[in-house]
Each structure stands twice: as C-alpha cells, then as structure tokens.
Amino acid sequence: MLKFHHYSLEVDNLSESIKFYKDVLGFQEAERIEFEEEEIQFLTLGDFKLELVKAAAAYNQTESIHICFETENFYEILARFENYKIKPVEGPYTLKNGWKTVFFSGPSNDLIEILSRNN
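In this report, we go over the structure that sits alongside the text. (Residues numbered from 1 in each chain as written. Predicted model: local features only at pLDDT ≥ 70, side-chain atom pairs only at ≥ 80, totals over all residues. Heavy atoms only, no water.)

### Section: the sheet that holds strand E7 (residues 100–105)
Consideration 1: One open sheet accounts for 4 strands, arranged E5-E8-E7-E6; its pairing is mixed. Sheet topology places strand E5 (66–70) and strand E6 (90–94) at the edges, where each strand pairs with a single neighbour. Recorded for the sheet is a direction-independent mean angle of 20° between the axes of neighbouring strands.
Consideration 2: Bridge analysis of E6 against E7 gives 3 bridges, and the strand direction is antiparallel. (Pairing = 2+ DSSP bridges. Helix = DSSP H or I, 4+ residues; strand = E, 2+ residues; numbered from the N terminus. Axes fitted to C-alpha atoms, helices over the stretch in contact; angles between N-to-C directions.)

Quick look at the structure:
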C-alpha cells in the first residue's frame, strides 16, 4: 500500500523560501539534511510535507507544474498574501462548479494554487 509522503520543490534561495512558506502559509520547519551536495529542508503543515531543495544551478520550471493547497478560508488566505504585498499571477476565479481558485508565485517562481471547494 502506498501513501503520499511529500511534495518537492527546487528553489534558488532556500532561506527565503523557508521564510515564505512559514510566514505566509504557516508551515513549520522539520528535518534538514544534506544529500550529495544538496541542501534540503522539510517543512510540515499538518500531515503534509514539503521538501525544499536548494537548486544547484539556474533552472527552468514548467508553468503548469504547481502545488495546490485546499482551504476553507479562501479570502483569509488571499489577505495573507496581500499583507505580504504578493499579488496573484492568475485569478482569483470562481469555477462553474463553485470552487474558487487563485495562483501566486513563490520566491523562486514556484507556482502555488489556493483552492476552496466551499460553495
């Protein structure tokens, strides 16, 4: 039986990314490891684990690759981003099924979706 363990993002500034995910989204720091010259920081949000890996060199991310967080407090999360002067890169949208979604860019141009399924 398989179960989800973590999602990994490659970032170009590890300390800036850690601060962003902690301050804006409420993550907590967990294990920090080094593996084959990579700096890796795990963060947790409840049972969810996010692995931030310091990028070794310049990289290009695919625009469709993103991490999505579901919330019951859509507008509260939007306000958090606004408090940090972070504007959406796409949305917010209300989908035909009533879901609300918005996309933001993280400190390493990592694409973050916030989704609410509340109608």
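Next comes the rest of the description.
### Structural notes on the pattern of salt bridges
Consideration 1: Going through the model one piece at a time under the given rule, you end up with 5 salt bridges.
Consideration 2: A salt bridge links Glu29 to Lys22; its shortest N-O distance comes to 2.9 Å.
Consideration 3: Under the relative-accessibility criterion, Glu29 is labelled partly exposed at 43%.
Consideration 4: One salt bridge connects Glu39 with Arg32, and the closest N-O pair in it is separated by 3.1 Å.
Consideration 5: Accessibility expressed as a relative area gives 34% for Glu39, which makes it partly exposed.
Consideration 6: Arg32 sits in the partly exposed class, given a relative accessible area of 47%. (Salt bridge = Lys/Arg side-chain N within 4 Å of Asp/Glu carboxyl O. Buried < 20%, exposed > 50% of the residue type's maximum accessible area, 1.4 Å probe, protein only.)

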